[in-house]
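# Summary of structural features
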Amino acid sequence: MEVIILPSEKDCAKLGGQLIFDLVKENPACVLGLATGSTPVSLYKELIRLHKENDLSFSNVTSFNLDEYIGLSGDHPCSYRYFMQEQLFDSVDINLKSTHVPNGLANNIEAECDSYEQSILEVGGIDLQILGIGSDGHIGFNEPCSSLSSRTRMKTLTGETIKDNARFFESENEVPRHCITMGVGTILDTKSVLLFAFGEGKSDVISKAIEGPISSMVPASALQLHPNVKVILDEPAASKLVNIDYYKEVYANRPSS
């Protein structure tokens, strides 16, 4: 796990954008795993800028989103399909037929989850997965106590996650209680991961995920098992890391190639 600490969210988004730019240029048909919520918005703005100003084409890229609320249609303003259209897809040249978001209105949720897993396998797996982290340590909607070998499935959201996500709805009562999410095991199968966290409010959970024990109580801690993870943090999010000076020293003295 490489921990990268930068002065601001803007700096983090710029680095993340460059890493994705390099991947897409090297492999135009790569498979991206995408996240929603407030954390990746600045990254998506940077990708749009790179598309418009630096000839970054997504025309052959395939994408899979982490999750979707059960009960919301793709055109619902709070659905994650709608979010992706608004924050990224409508502003770049990606083929919408190559973008995948779980179907929250599926008649058979279990079959939808199995189909989603199969679709990822059929394209050869996810080359790079973008992640944020919840205040309780969740990645995707893998809440505390999620199995670290879990696959795409239905999950019930915790009260804390519902409160965190209520800002996107008119009231807390409108937040769906269930979702479809990629499992922790699904995420660990990806070839590489970029985990972003910004702000002092994420500092406690970041310290647990990076420096604490691997535990289902902090699902993001399972990323310690992944061989290719970059954790990209602004200064406030990194402020409670015990080894913060070491991480900065390692990044400052990284090899040139």
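A few points on the structure. (Residues numbered from 1 in each chain as written. Predicted model: local features only at pLDDT ≥ 70, side-chain atom pairs only at ≥ 80, totals over all residues. Heavy atoms only, no water.)

### A few points about the packing of helix α2 (residues 41-53) against helix α3 (residues 80-87)
Spelled out, the test is: Angles shown run from 0 to 180 degrees and are taken between the N-to-C directions of axes, each axis being a line fitted to C-alpha atoms and, for helices, limited to the stretch in contact. By the criteria applied, helices consist of DSSP H or I runs no shorter than four residues and strands consist of E runs no shorter than two, each listed in order from the N terminus. For classification, angles of less than 35 degrees are called roughly parallel, those exceeding 145 degrees roughly antiparallel, those between 65 and 115 degrees roughly perpendicular, and all remaining angles oblique. We call two residues contacting when some pair of their heavy atoms lies within 4.5 Å. Each residue is assigned to one class: nonpolar for Ala, Val, Leu, Ile, Met, Phe, Trp, Tyr, Cys and Pro, charged for Asp, Glu, Lys and Arg, and polar for all the others, Gly among them.
Here α2 crosses α3 at 40 degrees, and the two axes come no closer than 10 Å. Relative to α3, the element α2 lies oblique. Facing Val41, Tyr44 and Ile48 of α2, the residues of α3 in contact are Phe83, Met84 and Gln87. Its residues assigned to classes, the contact of α2 with α3 comprises five nonpolar, one polar and no charged.

### A word on the side chain of serine 42
Take serine 42: it is sitting in helix α2. Apart from residues no more than four positions distant in its own chain, serine 42 is found in contact with Glu9, Ala13 and Phe198.

### Looking at the sheet that holds strand β7 (residues 153-156)
What counts is decided by this rule: Should DSSP find at least two bridges between two strands, the strands are taken to pair.
With respect to topology, three strands assemble into an open sheet ordered β4-β8-β7, the strand pairing being antiparallel. Each edge of the open sheet carries a strand with a single partner, namely β4 (67-69) and β7. With strand direction ignored, the average angle separating the axes of adjacent strands in the sheet is 30 degrees. Alignment of β7 against strand β8 (residues 178-181), held across four bridges, turns out to be antiparallel. If you follow methionine 154 over to β8, its bridge partner there is isoleucine 180.

### Here we look at helix α9 (residues 244-252)
Our working rule: Using a 1.4 Å probe on the protein chains alone, a residue whose accessible area is under 20% of its type maximum counts as buried, one over 50% counts as exposed, and one in between counts as partly exposed. By definition, the arc is the one covered by directions from the helix axis to the C-beta atoms.
Taken together, the buried positions of α9 are occupied by Ile244, Tyr247 and Tyr251. Down the axis of α9, the sector holding all buried residues measures 65 degrees, keeping them to one side. Those residues of α9 that are exposed and aimed more than 90 degrees away from the buried face are Asp245, Tyr246, Glu249 and Ala252. Considering only its buried residues, α9 is in contact with β1 (2-6), α1 (9-26), α7 (203-211) and α8 (235-238).

### Remarks on the environment of leucine 32
Here leucine 32 is to be found in strand β2 (residues 31-34). Judged by its relative accessible area of 4%, leucine 32 is buried. Leucine 32 sits 13 residues away from leucine 19 along the chain, and the two C-alpha atoms are 12 Å apart. Discounting residues that sit within four places of it in the chain, leucine 32 has contacts with Ile20, Leu23, Phe58, Val61, Thr62, Ser63, Phe64, Ile126 and Leu128.

### What to know about the packing of aromatic side chains
Where we set the bar: For Phe, Tyr and Trp, where Trp contributes only its six-membered ring, two rings pair if their centres lie within 6.5 Å, and the inter-plane angle classes them as stacked under 30 degrees, edge-to-face over 60, or tilted in between.
This model, assessed by the stated rule, comprises seven aromatic pairs. Ring geometry for tyrosine 69 and tyrosine 80: centres 4.9 Å apart, planes at 35 degrees, overall tilted. On the criterion of sequence distance, the pair formed by tyrosine 69 in strand β4 and tyrosine 80 in helix α3 is long-range, its members being eleven residues apart. A relative accessible area of 8% places tyrosine 80 in the buried class. Consider the rings of tyrosine 69 and phenylalanine 169, whose centres lie 5.6 Å apart with planes at 80 degrees: the pair is edge-to-face. In this pair, tyrosine 69 sits in strand β4 while phenylalanine 169 sits in the loop between α5 (159-165) and β8, placing the two residues 100 residues apart along the sequence. In this pair, the class of tyrosine 69 matches that of phenylalanine 169, namely buried. Members of the aromatic cluster, joined through ring pairs, are Tyr69, Tyr80, Phe141 and Phe169.

### Observations regarding the nonpolar core
Our working definition: As used here, the term nonpolar core means buried Ala, Val, Leu, Ile, Met, Phe, Trp, Tyr and Cys residues forming a set that is joined through side-chain atoms within 4.5 Å.
By size, the foremost hydrophobic cluster in this structure holds 76 residues, and its most contacted members are Leu233 and Leu241. Excluding residues within four positions of it along the chain, leucine 233 makes contact with Val3, Ile4, Ile5, Leu6, Cys12, Ala197, Ile206, Ile210, Ala238 and Leu241.

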